[in-house]
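What follows is each chain in one-letter form.
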Amino acid sequence: MPETMTDDRTGIRIATEVKEQDAAAREVRAPDIVIKDVNLSYGDNHVLHDISMDVEDRRVTAFIGPSGCGKSTLLRCLNRMNDLIDHVKITGEIRVKGLDVNAPATDVIEVRRRVGMVFQKSNPFPKSIYENVIYGLRIAGINDKAVLDEACERSLRGAALWDEVKDRLQESALSLSGGQMQRVCIARAIAVEPEIVLMDEPCSALDPIATLKIEELIYALKEKYTIVIVTHNLQQAARVSDRTGFFWLGRLVEYGPTPDMFTRPQDRLTEDYITGRFG
Amino acid sequence: MLRKYLSRGEPLVWFTGSALGVCLLMIGCLLLVVLVNGLGFFWPAPLVLVTLQDGSKALGEIVNREAVPNPGQPDHLLRHRIQLKLGNRDLLGSDFRWIDEAQIAGRELPKGVYYVERREYGPLLGTPVTLKEGDAVKASGPEQVAPLLPRIIEQAARDRAAIEKIEKGTIGTINYQIERGRLVARGLDELAKREPARDLSAQRAKLEQQLAEQQRRYAAEQERLEKLRQSASPARVTFRTADGTEKELQALEIYRAYPANDLTLPGRAAVYASRLWTFVAEDPRESNTEGGIFPAIFGTVMMVIIMTIAVVPLGVLAALYLREYAKQGPLVRTVRIAVNNLAGVPSIVFGVFGLGFFVYFVGGTIDQLFFREALPTPTYGTGGILWASLTLALLAVPVVIVASEEALAAVPRSMREASLAMGATKFQTILRVVLPAAAPGILTGLILAMARGAGEVAPLMLTGVVKLAPQLPLDGFFPFFHPDRKFMHLGFHIYDVGFQSPNVEAAKPMVYTTTIFLLIIVMLLNLTAIVVRNKLRRKYQTSAF
């Protein structure tokens, strides 16, 4: 975790390390996810308006904004979880590593294999820790014990949970603490080696210490994965993300490098939200 | 003040509490009546010798006492009368007799009187006076005969078992094979009619040879049986009844005899246990008024098991489609309402449907296709345990569908999303996540369905239940399980014994006892399901349950 300092204007603690390397943070990388003119409506309810943005490779991108602004909806567009809801209409184009997510020919299973997801409420299956972590491999038809064991250990190490649970892999995942359960979910998501990990408010149900652990984990995971995180916690966005997008009433108001967003927001709305004047 | 009292909701607590109390009271009373009437049946009551004013005597168990109704007269309901179970139906014409207490000159408990359970005519109550073997008198006088009785009865039981073994075992097998041979012969006849050119003489000759062999064995066994019958238990015991009549019984006819007034408490308990065991483990005798209910217990359990095997997949699959795959809309809502209403259709309607569809249509078709040689005797085209079970499965399927749907709906959305987000297909999600999590709820539905099915009688009467089934649906003849056979059922047994019996008065306690066993079986079956459910619940514990 990098050293932090408090920003004078917004009062938000941001990573000094990032601040020092502002230049590096602002450096534009190849886009991993390209979102172009996305509109989404639930029946008559127009939820997303003309969203266009690029999510960069192996960076943490945070979506912030008040409740109901559409940030979770956009996140769920990226692995087509909105398919589960009736009467959803999506237009525009989303490409994940070149794969057109919404194209009729695209296999939704393929999309979800490549784009893992961690949910707001930790949702481990009522199975053992081991079975939870290797769930993705099991459904892919892998039953070779050596492969599964290896994947389980690798994923749990990746989720910084291995040392805590290595002796109780066969116990129910529901016997773990809230933070551990959420890390099991992260381990489960990365076990299938996705290219992108989506996190929908992963810490909102956790205490500060568990939150800290998850944040450290996110910091470590971005070495390997492109991460998109939705959060209500501005400090969290400032601490862990490289890019931040601010959403308001279904529109992307401002999107840029995190240090700039929190110190020099370009838009009046962004500034008001970040400084806590509304939201 | 009052308003404050009311708003605290205290009266509501009382209301709810009393509602529960009334329910419990009614169930408790029902159980009490059944238990008291049913469990007392096997207890060996003392035999009372009643001397009447006119000098005649009657010996029997006092089973009832009531006020004599005499409407309009001053003595209305003031005098009492007692009901005696006299037994000796062959001598007296009826087992029971009401005696006005005013006519009774004296009562005593005579020593040495026996309560004899025998093959026919109900029990015999009297004193053993002579024991003969052939023409030779082996013992005479109650003091000499009584000590010899237990050994004679034991020997008789052994001989009966040996005879039954030949009758049902060896001869039964031969009969079964002769019948099979007959069916094969008829099959050959049919074949000859269809293809007159074909030469079947070789098969016929072989069959005839087999048949002759079986016939020879049959004759030999029959002869052996006859010899055994003659040599078995040659003893004959003469009993003298209260009015002085003498009755001679073959030892083989005697099933149990106990000196009712000379038993100690442990002795009575032993008789009680032995009678209870007979009731549970043996076949019924004397058109179900004596003996046991084992075939009915067996039939009930078997039917419930077959029903369960049929109803669970059907109900769960239907619920899965309704809840997971069908597009929720007016049509699905209508189907759901229809399914719910199906649970309210009178069970006899299901019985009529089962008779028409399963028995006549499906069974008749199976007979036409596979059991042609036996026609016009139906094999599957008549009531049987399979058709009865399937009819009950149909009757219970709404319960399972409704419970399963609720269980599926209770699986949290987050868990499905977790699975889908991992790239699982809907099918994989249902199979690996939704169904295991819903399993306890589905089992609850199964428990309800089993309770409903086990207690149902009306549809069974049309689809395969009988008063007396000579063979169990499960036995040693290939293919061991015979789904076409008719069977006995405890619920129907209650109806039959209580209302269709030639000797209702004697059979009355059996109604209660049979009820107890039906309750016990339903309870045991449910308990099994509950244990399984709790296991699953622990295994798949989620926040939703």
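As the structure is a prediction and not an experimental result, all values here were calculated from the model. (Residues numbered from 1 in each chain as written. Chains lettered and ligands numbered in written order. Predicted model: local features only at pLDDT ≥ 70, side-chain atom pairs only at ≥ 80, totals over all residues. Heavy atoms only, no water.)

Re the overall build of chain A
Then step 1. Within chain A, the secondary structure is distributed over 13 helices and 12 strands.
Then step 2. Taking 19 Å as the expected radius of gyration for a compact globule of 279 residues, we find that chain A reaches 19 Å, a close match to that expectation.
Then step 3. Dimensions of chain A along its principal axes, counting C-alpha atoms only, are 55 × 45 × 30 Å.
Then step 4. Within chain A, buried positions represent 55% of all 279 residues.
Then step 5. Residue pairs in contact within chain A that sit at least 24 positions apart in sequence constitute 66% of those at least 6 positions apart.
Then step 6. Just so you have it, chain A exposes about 11700 Å², and 48% of that area is on carbon and sulfur atoms.
Then step 7. Here chain A contributes 36 positive and 43 negative side-chain charges, whose respective centroids are spaced 2 Å apart. (Helix = DSSP H or I, 4+ residues; strand = E, 2+ residues; numbered from the N terminus. Rg over C-alpha atoms; globule rule 2.2 N^0.38 Å. Buried < 20%, exposed > 50% of the residue type's maximum accessible area, 1.4 Å probe, protein only. Contact = heavy atoms within 4.5 Å. Areas by Shrake-Rupley, 256 points an atom, 1.4 Å probe, with all protein chains shown as cover. Lys, Arg positive; Asp, Glu negative; His and termini not counted. Charge placed at Lys NZ, Arg CZ, Asp CG, Glu CD.)

Section: unusual backbone geometry
Then step 1. Residue E201 of chain A is not a glycine yet carries a positive backbone phi of 45°.
Then step 2. With relative accessibility at 11%, the residue E201 of chain A sits in the buried group.

Comments concerning the packing of helix α7 (residues 294–325) of chain B against helix α15 (residues 504–539) of chain B
Residues and elements named next belong to chain B.
Then step 1. The geometry of α7 relative to α15 is characterised by a closest axis approach of 11 Å and an angle of 30° between their N-to-C directions. By the angle class used here, α7 and α15 are roughly parallel. The crossing of α7 and α15 is right-handed. Here I297, T300, V301 and V304 of α7 lie close against α15, whose contacting residues are F517, L518, I521 and L525.
Then step 2. Within the contact of α7 with α15, the residues separate by chemical class into 7 nonpolar, 1 polar and no charged. (Axes fitted to C-alpha atoms, helices over the stretch in contact; angles between N-to-C directions. Parallel < 35°, antiparallel > 145°, perpendicular 65-115°, else oblique. Left-handed = near helix turned anticlockwise from the far one by under 90°. Nonpolar A, V, L, I, M, F, W, Y, C, P; charged D, E, K, R; others polar.)

Here we look at the packing of helix α7 (residues 145–158) of chain A against helix α9 (residues 178–191) of chain A
Residues and elements named next belong to chain A.
Then step 1. Where α7 contacts α9, the axes come no closer than 8 Å and their chain directions differ by 125°. Looking at the two axes, α7 sits oblique to α9. Pair α7 / α9 crosses with right-handed handedness. Together, R154, S155, L156 and G158 of α7 and A187, I190 and A191 of α9 make up the contact between the two elements.
Then step 2. A class-by-class count of the residues in the contact of α7 with α9 yields 4 nonpolar, 2 polar and 1 charged.

Things to note about the sheet that holds strand β4 (residues 45–56) of chain A
Residue and element names in this part refer to chain A.
Then step 1. Spatially, the 4 strands line up as an open sheet ordered β4-β3-β6-β7, and their pairing is antiparallel. At either margin of the open sheet sits one strand with a lone partner, and together these are β4 and β7 (99–100).
Then step 2. Relative to β7, strand β6 (residues 88–96) runs antiparallel, the two being bridged by 2 bridges. Paired with V96 across the strands is L99, a residue of β7. (Pairing = 2+ DSSP bridges.)

Side note on helix α9 (residues 347–370) of chain B
All names here are of chain B.
Then step 1. The sharpest bend along α9 measures roughly 30° and falls at G354.
Then step 2. Three or more residues of α9 are buried, namely S347, F350, G351, G354, F358, V359, G363 and D367.
Then step 3. Those residues of α9 that are buried are in contact with α8 (330–342), α10 (385–409) and α13 (458–463). (Bend = angle between axes of the 7 residues up to and from the residue.)

Examining the side chain of N123 of chain A
Then step 1. Checked against the element boundaries, N123 of chain A lands in the loop between β8 (115–118) and α5 (129–133).
Then step 2. A residue is classified by how much of its surface remains accessible, and N123 of chain A, at 3% relative accessible area, is buried.
Then step 3. Among the polar contacts made by the side chain of N123 of chain A, one reaches the side chain of R188 of chain A at a distance of 3.0 Å.
Then step 4. A distance of 2.8 Å separates the side chain of N123 of chain A from the backbone oxygen of S414 of chain B, its partner in a polar contact.
Then step 5. The contact partners of N123 of chain A, leaving out residues within four places of it in the chain, are C185 and R188 of chain A together with S414 and A418 of chain B. (Polar contact = N/O pair within 3.5 Å; in protein donor to acceptor, adjacent residues only side chain to side chain.)

A closer look at the interface of chain A and chain B
Often the size quoted for an interface is simply the accessible area lost on bringing the parts together.
Then step 1. Contacts between the two partners involve 25 residues from chain A, matched on the other side by 21 residues from chain B.
Then step 2. The contact between chain A and chain B buries some 1900 Å² in all, and 61% of this surface belongs to carbon and sulfur atoms.
Then step 3. When residues of chain A are sorted by the area they lose upon contact with chain B, P126, Y135 and I139 of chain A head the list and together hold 29% of the total.
Then step 4. Linking chain A to chain B there are 1 salt bridge.
Then step 5. The shortest N-O distance in the salt bridge between E417 of chain B and R76 of chain A comes to 2.6 Å.
Then step 6. Applying the counting rule to chain A against chain B returns 6 residue pairs in polar contact (both at pLDDT 80 or more).
Then step 7. Broken down by element, the residue count for the side of chain A that touches chain B peaks at 4 residues, all from helix α6 (residues 135–139) of chain A.
Then step 8. Here the side of chain A that touches chain B is built from residues that sort into 15 nonpolar, 3 polar and 7 charged. (Buried area = accessible area lost by both parts, 1.4 Å probe. Salt bridge = Lys/Arg side-chain N within 4 Å of Asp/Glu carboxyl O.)

Examining the sheet that holds strand β3 (residues 80–85) of chain B
Residues and elements named next belong to chain B.
Then step 1. Across the sheet, 5 strands lie side by side as β4-β3-β2-β1-β5; this open sheet has antiparallel pairing. Two strands bound the open sheet, and with one partner strand each, they are β4 (96–100) and β5 (104–108). Within this sheet the neighbouring strands show an average axis-to-axis angle of 45°, counted without direction.
Then step 2. Pairing between strand β1 (residues 48–52) and β5: 4 bridges, direction antiparallel. Looking at β5, one finds that L49 is bridged to E108.

As for a nonpolar patch on the surface
All names here are of chain B.
Then step 1. Among the surface-exposed residues, I27, L31, L35, L39 and L519 lie close enough to one another that they form a single nonpolar patch of about 400 Å² accessible area.
Then step 2. A total of 4 residues in the nonpolar patch trace back to one element, the largest contributor, which is helix α2 (residues 10–39).
Then step 3. Within the secondary structure layout, L31 lies in helix α2.
Then step 4. Classification of L31 as partly exposed rests on a relative accessible area of 36%. (Patch = residues over 30% accessible without salt bridge, like charges linked within 9 Å, V, L, I, M, F, W, Y side chains within 5 Å.)

With respect to the side chain of E56 of chain A
Residue and element names in this part refer to chain A.
Then step 1. As for its placement among the helices and strands, E56 is situated in strand β4.
Then step 2. When its relative accessible area of 6% is taken as the criterion, E56 is described as buried.
Then step 3. A polar contact is formed between the side chain of E56 and the side chain of R59, at a distance of 2.9 Å.
Then step 4. Leave out the neighbours within four places in its chain, and E56 touches E27, V28, R29, A30, P31, D32, T226 and R243.

Focus on the environment of D44 of chain A
Residues and elements named next belong to chain A.
Then step 1. Structurally, D44 can be placed in the loop between β3 (31–42) and β4.
Then step 2. Under the relative-accessibility criterion, D44 is labelled exposed at 83%.
Then step 3. Linking D44 and H87, residues 43 residues apart in sequence, is a C-alpha distance of 9.1 Å.

What about the pattern of salt bridges?
All names here are of chain A.
Then step 1. The full count for this structure, using the stated rule, is 50 salt bridges over all chains.
Then step 2. Notably, a salt bridge pairs R157 with E153, separated by 2.7 Å at the nearest N-O pair. Residue R157 and its partner E153 are located together in helix α7, separated by 4 residues, close to a single helical turn.
Then step 3. A relative accessible area of 48% places R157 in the partly exposed class.
Then step 4. Since its relative accessible area comes to 28%, E153 is described here as partly exposed.
Then step 5. Two residues, R264 and D260, come together in a salt bridge whose shortest N-O distance is 3.1 Å.
Then step 6. Using a relative accessible area of 46% as the deciding quantity, one classes R264 as partly exposed.

Quick look at the state of the cysteines
Residues and elements named next belong to chain A.
Then step 1. If you walk through the whole model with that rule in mind, you get 0 disulfides over all chains.
Then step 2. Free of any disulfide, C69 has its nearest neighbouring cysteine sulfur in C77, separated by 13 Å.
Then step 3. Summary of cysteine pairing: C185 is not part of a disulfide, and the nearest cysteine sulfur, belonging to C203, is at 12 Å.
Then step 4. Looking at C185, the relative accessible area reads 2%, which means it is buried. (Disulfide = S-S within 2.5 Å.)

With respect to the packing of aromatic side chains
Residue and element names in this part refer to chain B.
Then step 1. Applying the stated rule across the entire model yields 20 aromatic pairs over all chains.
Then step 2. On the basis of an interplanar angle of 50° and a centroid distance of 6.0 Å, the ring pair of F492 and Y495 is categorised as tilted. Of the two residues, F492 and Y495 are both situated in helix α14 (residues 490–499); the distance of 3 residues between them amounts to about one turn of the helix.
Then step 3. Among the aromatic residues, ring-to-ring pairing joins F353, F357, F358, F361, F371, Y380 and W387 into one connected group. (Phe/Tyr/Trp six-rings, centres within 6.5 Å; stacked < 30°, edge-to-face > 60°.)

The values are spatial; any link to function lies outside them.
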